[in-house]
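A look at the structure
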Amino acid sequence: QVQLVESGGGLVQAGGSLRLSCAASGTRFSINAMGWYRQAPGKQRELVARIIVGYNINYADSVKGRFTISRDNAKNTVYLQMNSLKPEDTAVYYCNVVGSRELLPYNSWGQGTQVTVSS
(Lines give C-alpha, C1' and ligand atoms only; values in the text may rest on other atoms or scores of the structure.)
Protein backbone atom coordinates (compact mmCIF):
# COMPACT_ATOMS: atom_id res chain seq x y z
CA GLN A 1 0.00 0.00 0.00
CA VAL A 2 0.97 3.60 -0.56
CA GLN A 3 -0.22 5.74 2.30
CA LEU A 4 -0.86 9.46 2.20
CA VAL A 5 -0.74 11.90 5.09
CA GLU A 6 -2.18 15.36 4.59
CA SER A 7 -1.71 18.49 6.62
CA GLY A 8 -2.25 22.22 6.44
CA GLY A 9 -5.99 22.85 6.34
CA GLY A 10 -7.76 25.30 8.58
CA LEU A 11 -9.86 28.42 8.87
CA VAL A 12 -8.83 31.60 7.06
CA GLN A 13 -10.46 34.87 6.09
CA ALA A 14 -11.21 35.67 2.47
CA GLY A 15 -8.09 36.93 0.74
CA GLY A 16 -5.83 34.87 2.97
CA SER A 17 -3.53 31.97 2.19
CA LEU A 18 -3.04 28.36 3.21
CA ARG A 19 -0.58 25.68 2.20
CA LEU A 20 -1.54 22.03 2.06
CA SER A 21 0.97 19.19 2.15
CA CYS A 22 0.63 15.52 1.30
CA ALA A 23 3.38 12.98 1.89
CA ALA A 24 3.32 9.55 0.25
CA SER A 25 5.00 6.61 1.94
CA GLY A 26 5.43 2.94 1.24
CA THR A 27 7.88 0.51 -0.25
CA ARG A 28 8.95 -0.05 -3.86
CA PHE A 29 6.52 2.35 -5.47
CA SER A 30 6.66 4.86 -8.26
CA ILE A 31 4.46 7.87 -8.86
CA ASN A 32 2.78 8.83 -12.11
CA ALA A 33 0.63 11.69 -10.88
CA MET A 34 -0.03 13.67 -7.71
CA GLY A 35 -2.93 15.98 -7.23
CA TRP A 36 -5.52 17.68 -5.11
CA TYR A 37 -9.29 17.34 -5.27
CA ARG A 38 -11.97 19.00 -3.19
CA GLN A 39 -15.52 18.33 -2.20
CA ALA A 40 -17.90 20.94 -0.88
CA PRO A 41 -21.13 20.01 0.95
CA GLY A 42 -23.74 18.79 -1.50
CA LYS A 43 -21.34 18.82 -4.43
CA GLN A 44 -19.30 16.26 -6.29
CA ARG A 45 -15.59 15.89 -5.75
CA GLU A 46 -13.68 17.97 -8.30
CA LEU A 47 -10.12 18.28 -9.49
CA VAL A 48 -8.27 21.30 -8.13
CA ALA A 49 -4.76 20.73 -9.47
CA ARG A 50 -2.67 17.82 -10.63
CA ILE A 51 0.92 17.12 -11.64
CA ILE A 52 1.38 14.38 -14.20
CA VAL A 53 5.00 13.42 -13.72
CA GLY A 54 7.13 14.32 -16.70
CA TYR A 55 4.18 15.68 -18.58
CA ASN A 56 2.19 18.66 -17.38
CA ILE A 57 0.27 20.44 -14.65
CA ASN A 58 -3.48 20.96 -14.73
CA TYR A 59 -5.55 23.45 -12.75
CA ALA A 60 -9.28 23.92 -12.43
CA ASP A 61 -10.30 27.17 -14.09
CA SER A 62 -11.67 28.45 -10.78
CA VAL A 63 -8.23 28.36 -9.11
CA LYS A 64 -5.91 29.39 -11.95
CA GLY A 65 -3.71 32.28 -10.93
CA ARG A 66 -4.46 31.78 -7.23
CA PHE A 67 -3.33 28.23 -6.44
CA THR A 68 0.03 26.63 -7.18
CA ILE A 69 0.80 22.92 -7.03
CA SER A 70 4.36 21.75 -6.54
CA ARG A 71 6.21 18.56 -5.74
CA ASP A 72 9.29 17.56 -3.75
CA ASN A 73 10.52 14.42 -5.49
CA ALA A 74 12.96 13.48 -2.74
CA LYS A 75 10.22 13.57 -0.11
CA ASN A 76 7.42 12.14 -2.30
CA THR A 77 5.41 15.14 -1.18
CA VAL A 78 2.99 17.35 -3.05
CA TYR A 79 2.01 20.84 -1.95
CA LEU A 80 -0.86 23.15 -2.75
CA GLN A 81 -0.24 26.82 -2.11
CA MET A 82 -3.58 28.59 -1.99
CA ASN A 83 -3.61 32.38 -2.20
CA SER A 84 -6.42 34.92 -2.47
CA LEU A 85 -8.80 32.41 -0.98
CA LYS A 86 -12.52 32.89 -1.50
CA PRO A 87 -15.50 31.57 0.49
CA GLU A 88 -16.34 29.32 -2.46
CA ASP A 89 -13.01 27.54 -1.92
CA THR A 90 -14.43 26.10 1.30
CA ALA A 91 -14.35 22.30 1.03
CA VAL A 92 -12.63 19.17 2.20
CA TYR A 93 -9.43 18.84 0.21
CA TYR A 94 -8.15 15.37 -0.70
CA CYS A 95 -4.73 14.40 -1.90
CA ASN A 96 -4.56 11.77 -4.64
CA VAL A 97 -1.54 9.82 -5.86
CA VAL A 98 -1.49 7.24 -8.62
CA GLY A 99 1.34 5.05 -9.82
CA SER A 100 2.60 1.51 -9.56
CA ARG A 101 3.94 -0.65 -6.77
CA GLU A 102 5.64 -3.94 -7.51
CA LEU A 103 4.32 -3.66 -11.09
CA LEU A 104 0.71 -3.27 -9.95
CA PRO A 105 -1.20 0.01 -10.27
CA TYR A 106 -2.45 1.85 -7.22
CA ASN A 107 -4.71 4.84 -6.65
CA SER A 108 -4.39 6.27 -3.14
CA TRP A 109 -6.39 8.99 -1.40
CA GLY A 110 -5.57 11.02 1.65
CA GLN A 111 -7.89 11.31 4.62
CA GLY A 112 -9.01 14.81 3.65
CA THR A 113 -8.35 18.14 5.28
CA GLN A 114 -10.95 20.84 5.87
CA VAL A 115 -10.41 24.28 4.39
CA THR A 116 -12.87 26.94 5.51
CA VAL A 117 -12.77 30.47 4.11
CA SER A 118 -14.85 33.05 5.94
CA SER A 119 -16.22 36.16 4.26
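The paragraphs below set out a description of the structure included in this document. (Residues numbered from 1 in each chain as written. Predicted model: local features only at pLDDT ≥ 70, side-chain atom pairs only at ≥ 80, totals over all residues. Heavy atoms only, no water.)

**Quick look at the overall build of the chain**
Along its length, the chain carries zero helices and eleven strands. In sequence order, the chain lays out its α and β elements as β-β-β-β-β-β-β-β-β-β-β. Its C-alpha radius of gyration of 14 Å places the chain within 12% of the 14 Å reference for a compact globule of 119 residues. Each of the 119 residues in the chain was classed as buried or not, and the buried ones make up 40%. The contacts of the chain with a sequence gap of at least 6 include a subset with a gap of at least 24, amounting to 55%. Total accessible area on the chain stands at roughly 6500 Å², and carbon and sulfur atoms take up 49% of it. Positive and negative charge centroids in the chain, built from 12 and 7 side chains respectively, lie 3 Å apart. (Helix = DSSP H or I, 4+ residues; strand = E, 2+ residues; numbered from the N terminus. Rg over C-alpha atoms; globule rule 2.2 N^0.38 Å. Buried < 20%, exposed > 50% of the residue type's maximum accessible area, 1.4 Å probe, protein only. Contact = heavy atoms within 4.5 Å. Areas by Shrake-Rupley, 256 points an atom, 1.4 Å probe, with all protein chains shown as cover. Lys, Arg positive; Asp, Glu negative; His and termini not counted. Charge placed at Lys NZ, Arg CZ, Asp CG, Glu CD.)

**Brief notes about the state of the cysteines**
Two cysteines form a disulfide when their sulfur atoms are joined by a covalent bond. Taken as a whole and assessed by the stated rule, the structure comprises one disulfide. Across the disulfide from C22 sits C95; the S-S distance is 2.1 Å. Its S-S torsion of about -80° marks the bond between C22 and C95 as left-handed, since a negative value means left-handed. Taken as a pair, C22 in strand β3 (residues 18–25) and C95 in strand β9 (residues 91–101) lie far apart in primary sequence, 73 residues in all. The residues C22 and C95 share a single accessibility class, namely buried. (Disulfide = S-S within 2.5 Å.)

**Things to note about the side chain of R38**
The topology assignment puts R38 in strand β4 (residues 29–39). Of the polar contacts made by the side chain of R38, one reaches the side chain of E46; its length is 2.7 Å. A polar contact of 2.9 Å, which involves the side chain of R38, links it to the side chain of Y93. Sequence-distant contacts of R38, that is, excluding residues within four places in its chain, are made with Q44, R45, E46, V48, S62, V63, F67, E88, D89, A91, V92 and Y93. (Polar contact = N/O pair within 3.5 Å; in protein donor to acceptor, adjacent residues only side chain to side chain.)

**A word on the side chain of E6**
Following the sequence through the fold, E6 ends up in strand β1 (residues 3–7). The side chain of E6 is buried and forms no salt bridge, while R45, the nearest opposite charge, is found at 7.9 Å. With residues near it in sequence (within four places) discarded, E6 still touches S21, C22, W36, Y93, Y94, C95, G110, Q111, G112 and T113. (Salt bridge = Lys/Arg side-chain N within 4 Å of Asp/Glu carboxyl O.)

Interpretation note: all reported values are geometric properties and have no functional meaning in isolation.
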